[in-house]
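Here are the chains, one letter per residue:
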Amino acid sequence: MGGVYWKPIFNILEDNFEVWLVNAQHIKAVPGRKTDVKDSEWIAELMRHGLIRASFVPPKGQRNYEN
């Protein structure tokens, strides 16, 4: 995984929500999305239709927190 910016947010949210980490390259090339709001609506629509999948994130006890 490229960056580590997602880790603290993921760790906080996962106990209370179903959190998905998704590879941006899988949805990046979709044209016509110009704002964060439109992007988030589009991603939610893709998810509802099963067109994206969550990346594998190991269970808490198996994660390497040194990165």
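Shown above is the structure to which this text applies.
Description of the structure in this document.

Definitions and limits used
- Residues numbered from 1 in each chain as written.
- Predicted model: local features only at pLDDT ≥ 70, side-chain atom pairs only at ≥ 80, totals over all residues.
- Heavy atoms only, no water.
- Patch = residues over 30% accessible without salt bridge, like charges linked within 9 Å, V, L, I, M, F, W, Y side chains within 5 Å.
- Areas by Shrake-Rupley, 256 points an atom, 1.4 Å probe, with all protein chains shown as cover.
- Salt bridge = Lys/Arg side-chain N within 4 Å of Asp/Glu carboxyl O.
- Helix = DSSP H or I, 4+ residues; strand = E, 2+ residues; numbered from the N terminus.
- Phe/Tyr/Trp six-rings, centres within 6.5 Å; stacked < 30°, edge-to-face > 60°.
- Buried < 20%, exposed > 50% of the residue type's maximum accessible area, 1.4 Å probe, protein only.

### Examining a nonpolar patch on the surface
So, point 1. A cluster of nonpolar side chains, namely Ile9, Ile12, Leu13 and Phe17, defines an oily patch on the protein surface of about 420 Å² accessible area.
So, point 2. Tracing the backbone shows Ile12 in helix H1 (residues 6–13).

### Description of the packing of aromatic side chains
So, point 1. Summed over the entire model, instances satisfying the criterion amount to one aromatic pair.
So, point 2. Centre to centre, the rings of Trp6 and Phe10 are 5.7 Å apart; their planes meet at 90 degrees, and the pair counts as edge-to-face. Taken together, the positions of Trp6 and Phe10, both in helix H1 and four residues apart, correspond to about one turn of that helix.
So, point 3. According to the relative accessible area criterion, Trp6 is buried, its value standing at 13%.

### Section: the pattern of salt bridges
So, point 1. Throughout the structure, instances matching the rule amount to three salt bridges.
So, point 2. Taking the shortest distance from any N to any O, the salt bridge between Arg63 and Glu14 comes out at 2.8 Å. Taken as a pair, Arg63 in the segment after helix H2 (36–48) and Glu14 in the loop between H1 and H2 lie far apart in primary sequence, 49 residues in all.
So, point 3. Note on Arg63: relative accessible area 15%, which makes it buried.
So, point 4. Owing to a relative accessible area of 22%, Glu14 belongs among the partly exposed residues under this scheme.

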